[in-house]
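Working through the structure, step by step
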Amino acid sequence: MKALLYTPSLPRFFGARLLGKRFPRKLLPLRLAEVPLPEREGFLRVRVRLSGICGSDLALLYGKSPPSIAPFFSFPAVLGHEILGEYEGSLVAVNPLLACADRGLPPCPRCQEGEEGLCQNVAEGPLAPGMLGYNRDLPGGWGEWVLARPERLYPIPPGVPEERAVFAEPLAVVLRGLNKLKPWPEEVLVLGMGTIGLLAVRLLRALGYTGRLLAVAKYPHQAERAKAFGADGVYGSAKEALLARARRYRYLLFEGYRGGYEAVVEASGSGRGFREALALAREGGKVLLLGAPGLEVVDLSPFWFKEVALWGSYTYTREEFREAVGLLPELEGLESLVGGVYPLEAWPEALVAKGKALFRPKG
Ligand SMILES: [Zn+2]
Ligand SMILES: [Zn+2]
């Protein structure tokens with residue numbers, strides 16, 4: 001089958017890491033290839049309808065992935081972990097986790113608790129390390145087919161358009177994270193209005209959050225969408241958000257702030273966003289990380305001086321994934337986040353699309 005294969009290459013890794021978005025896209029370590037579709041006992045063949053490009057895919061391609069998670073991926077791999085498939089004529093969201101159950105192993109302590117996203121055996125057993133989209137043995141969604149066990153397939157409720165249904169996976173990540181903010185704070189600030197930040201705003205309201213919901217958006221079109229999705233107010237920068245709520249103090253050359261936001265959701269996935277989130281959280285506040293900054297220089301004093309608490313959300317339990325799929329019918333408008341739908345061969349354009357880019361493999 002045709003698929004987009006990622007093959008690590010040290011020169012390209014360092015080139016892309018150094019030059020960032022200026023690195024020639026055609027030289028990124030991704031290519032359209034003919035790859036075999038493996039057979040695997042207990043796994044079903046699912047035709048890919050749509051598959052999203054996630055920030056972590058771009059981080060991988062541009063050499064920005066955190067080094068400490070590298071041993072838990074295996075390459076070369078067909079990328080794509082946001083997967084909308086078709087099985088026996090029905091649309092299904094694919095949970096891409098490859099935990100103990102998929103690896104034919106007895107459940108580890110985390111899997112026993114249902115926390116498959118925290119599985120301790122993701123680099124063990126007969127399957128190569130990593131989930132679908134980061135796995136050498138099983139292809140991810142940027143190809144014509146994926147293989148998944150039946151319990152990893154979630155039927156899409158009738159009437160949900162495909163371009164909304166494809167958000168099931170990132171929605172599940174955001175849902176898990178937002179639930180960690182409970183009991184609901186009186187105020188939430190969401191930092192970064194890319195796909196994840198906008199999902200967070202939309203989902204908070206869908207979950208019945210009635211408190212004050214604020215956002216930081218870089219671009220005017222993101223700010224408009226944030227308001228349409230339920231934000232009460234939108235700042236143009238983190239600095240503006242900080243000055244709006246915190247008091248500034250100066251001593252010699254130094255400055256510091258008192259006050260801030262009860263809960264800050266970091267949805268930009270950048271080191272800068274992380275630093276800003278820590279500064280924006282008020283004394284005793286919470287920071288939720290929905291993105292994945294790697295090696296960063298950060299002032300950690302807010303954890304101690306302001307007793308800020310930090311939470312993260314990486315993946316999901318089966319129940320969280322099911323709940324996310326169940327919310328799709330009421331999440332009207334999510335499909336407006338789609339910036340373009342591309343055939344596999346148009347990947348150089350897809351990687352720089354504005355908004356959420358999706359692949360629609362033929363075949
Ligand atoms: Zn992702
Ligand atoms: Zn496990």
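Bear in mind the structure is a predicted one, so any value in this text is a computation, not a measurement. One numbering rule holds for all chains: residues counted from 1, following each sequence as written. Each chain is given a letter, starting from A, and each ligand a number, starting from 1, according to the order in which they appear as written. Reporting of local features is limited, given that this is a predicted model, to residues whose pLDDT is at least 70; pairs of side-chain atoms are given and counted only at 80 or more, and all residues count toward the totals for whole chains, interfaces and linings. Hydrogens and waters are ignored; side-chain quantities use all the structure's heavy atoms.

All right, on to the UniProt feature "domain: Alcohol dehydrogenase-like N-terminal" (unreviewed entry) in the chain then. UniProt positions are given in the numbering used here, feature names are shortened, and annotations may be inferred rather than shown by experiment. Sequence positions flagged by UniProt for "domain: Alcohol dehydrogenase-like N-terminal" (unreviewed entry) are, in local numbering, residues 44–157. In DSSP terms, a helix is any run of H or I states spanning at least four residues, a strand is any run of E spanning at least two, and both are numbered starting from the N terminus. Split by type, residues 44–157 is 10% helix and 25% strand. Its first and last C-alpha atoms lie 20 Å apart.

Taken in spatial order, the three strands line up as 2-1-4 in an open sheet, and their pairing is antiparallel. Each edge of the sheet is formed by a strand with only one pairing partner; in this case those strands are strand 2 (30–34) and strand 4 (77–78). Here the rule is simple: two strands pair whenever DSSP picks up at least two bridges between them. Where strand 1 (residues 2–6) lies against strand 4, two bridges are found, and the strand directions are antiparallel. If you follow Tyr-6 over to strand 4, its bridge partner there is Ala-77.

Taking the numbering used here, the UniProt-annotated feature "domain: Alcohol dehydrogenase-like C-terminal" (unreviewed entry) corresponds to residues 196–328. A distance of 15 Å separates the end C-alpha atoms of residues 196–328, which is 40% helix and 28% strand.

The parallel open sheet is built from six strands, whose spatial order is 11-10-9-14-15-16. Looking at the sheet topology across the chains shown, the edges are occupied by strand 11 (233–235) and strand 16 (309–312). Averaged over all pairs of adjacent strands, the angle between their axes in this sheet comes to 20°, without regard to strand direction. Both strand 10 (residues 212–216) and strand 11 contribute to a ladder of three bridges, which runs parallel. The residue bridging Val-216 from the neighbouring strand is Tyr-235, located in strand 11. Interaxial angles span 0 to 180 degrees and are taken between N-to-C directions of axes, which are lines fitted to C-alpha atoms, for helices over the stretch in contact.

Quick look at the coordination of the zinc ion (ligand 2) now. For the zinc ion (ligand 2), the protein coordination sphere consists of Cys-100 (SG), Cys-108 (SG), Cys-111 (SG) and Cys-119 (SG), at 2.3 to 2.4 Å. Only nitrogen, oxygen and sulfur atoms count as donors, using a 2.8 Å cut-off from the metal that widens to 3.2 Å for Na, K and Ca. Water is left out, so coordination shells may look unfilled. Only two sets of limits are used to name each site, 85 to 135 degrees for every angle of a tetrahedral four-donor site, and over 155 degrees for opposite donors with all other angles from 65 to 115 for a square planar four-donor or octahedral six-donor site, with any other site named irregular. Around the zinc ion (ligand 2), the four donor atoms are arranged such that angles at the metal cover 102 to 117°; this shape is classified as tetrahedral. Along the chain, the residues donating to the zinc ion (ligand 2) fall in the pattern C-x7-C-x2-C-x7-C. You can see Cys-108 sitting in the loop between strand 6 (90–94) and helix 3 (109–112) and its partner Cys-119 sitting in the loop between helix 3 and strand 7 (145–148), a full eleven residues away along the chain.

Bringing the packing of aromatic side chains into the picture now. Any two rings among Phe, Tyr and Trp, with Trp reduced to its six-membered ring, count as a pair given centres within 6.5 Å; such a pair is stacked if its planes are under 30 degrees apart, edge-to-face if over 60, and tilted if neither. All chains considered together, the criterion is met by nine aromatic pairs. Look at Tyr-6 and Phe-75: their rings are 4.8 Å apart centre to centre, the planes differ by 75°, and that puts the pair in the edge-to-face class. In this pair, Tyr-6 is assigned in strand 1 and Phe-75 in the loop between helix 2 (55–61) and strand 4, connecting sequence segments 69 residues apart. Between Trp-304 and Phe-305, the ring centres sit 6.0 Å apart and the planes meet at 35°, which makes this aromatic pair tilted. For the exposure calls, accessible area comes from a 1.4 Å probe over protein chains only, and a residue counts as buried if that area is under 20% of its type's maximum, exposed if over 50%, partly exposed in between. Here Trp-304 falls in the exposed class, since its relative accessible area comes to 67%. Exposure remark for Phe-305: the relative accessible area of 56% places this residue in the exposed category.

Contact geometry of helix 5 (residues 168–179) with helix 6 (residues 195–206) gives a least axis separation of 10 Å together with a crossing angle of 60°. In terms of their interaxial angle, helix 5 and helix 6 are classed as oblique. When the axes of helix 5 and helix 6 are compared, the crossing they make is right-handed. Two secondary-structure elements touch here, helix 5 through Pro-170, Leu-171, Val-174, Leu-175 and Leu-178 and helix 6 through Ile-196, Leu-199, Ala-200, Leu-203 and Leu-204. Just so you know the grouping, Ala, Val, Leu, Ile, Met, Phe, Trp, Tyr, Cys and Pro go in nonpolar, Asp, Glu, Lys and Arg go in charged, and all remaining residues, Gly too, go in polar. Considered class by class, the residues forming the contact of helix 5 with helix 6 number ten nonpolar, no polar and no charged. If an angle is under 35 degrees, it is roughly parallel; if it is over 145, roughly antiparallel; if it lies from 65 to 115, roughly perpendicular; otherwise it is oblique. By definition, any crossing whose near helix is turned counterclockwise from its far helix by less than a right angle is left-handed, and any crossing with a clockwise turn is right-handed. Whether two residues are in contact is decided by their heavy atoms, any of which lying within 4.5 Å being enough.

Bringing the coordination of the zinc ion (ligand 1) into the picture now. Every protein donor of the zinc ion (ligand 1) is listed here as Cys-54 (SG) and His-81 (NE2), and their distances to the metal cover 2.1 to 2.3 Å. Of this pair, Cys-54 sits in the loop between strand 3 (44–52) and helix 2 while His-81 is found in the loop between strand 4 and strand 5 (82–87), placing the two residues 27 residues apart along the sequence.

A few words now on the side chain of Arg-164. Relative to the helices and strands, Arg-164 resides in helix 4 (residues 162–165). Overall, the relative accessible area of 6% leaves Arg-164 in the buried class. A distance of 3.2 Å separates a polar atom in the side chain of Arg-164 from the backbone oxygen of Pro-329. Apart from the residues within four sequence positions on either side, Arg-164 is in contact with Leu-328, Pro-329, Leu-331, Glu-332, Gly-333, Leu-334 and Glu-335. By the criterion applied in these results, polar contacts are pairs of N or O atoms within 3.5 Å in which, for protein atoms, one can donate a hydrogen and the other can accept it, and in which residues neighboring in sequence qualify only through two side-chain atoms.

With that settled, consider the environment of Pro-155. Summarising the element assignment, Pro-155 is placed in strand 8 (residues 153–155). Accessibility expressed as a relative area gives 60% for Pro-155, which makes it exposed. In this structure, the C-alpha to C-alpha distance between Pro-155 and Lys-239, residues 84 residues apart in sequence, is 43 Å. In this structure, Pro-155 is in contact with Leu-91, Val-92 and Val-325, ignoring residues within four places of it in sequence.

The next subject is helix 7 (residues 220–228). Of all the residues in helix 7, the buried ones are Gln-222, Ala-223 and Ala-226. Down the axis of helix 7, the smallest arc covering the buried residues is 100°, so these residues share one side. Counted as exposed and oriented over 90 degrees from the buried face of helix 7: Pro-220, Glu-224, Lys-227 and Ala-228. Taken together, the buried residues of helix 7 touch helix 6, strand 10 and strand 11. The arc refers to the directions leading from the helix axis to the C-beta atoms.

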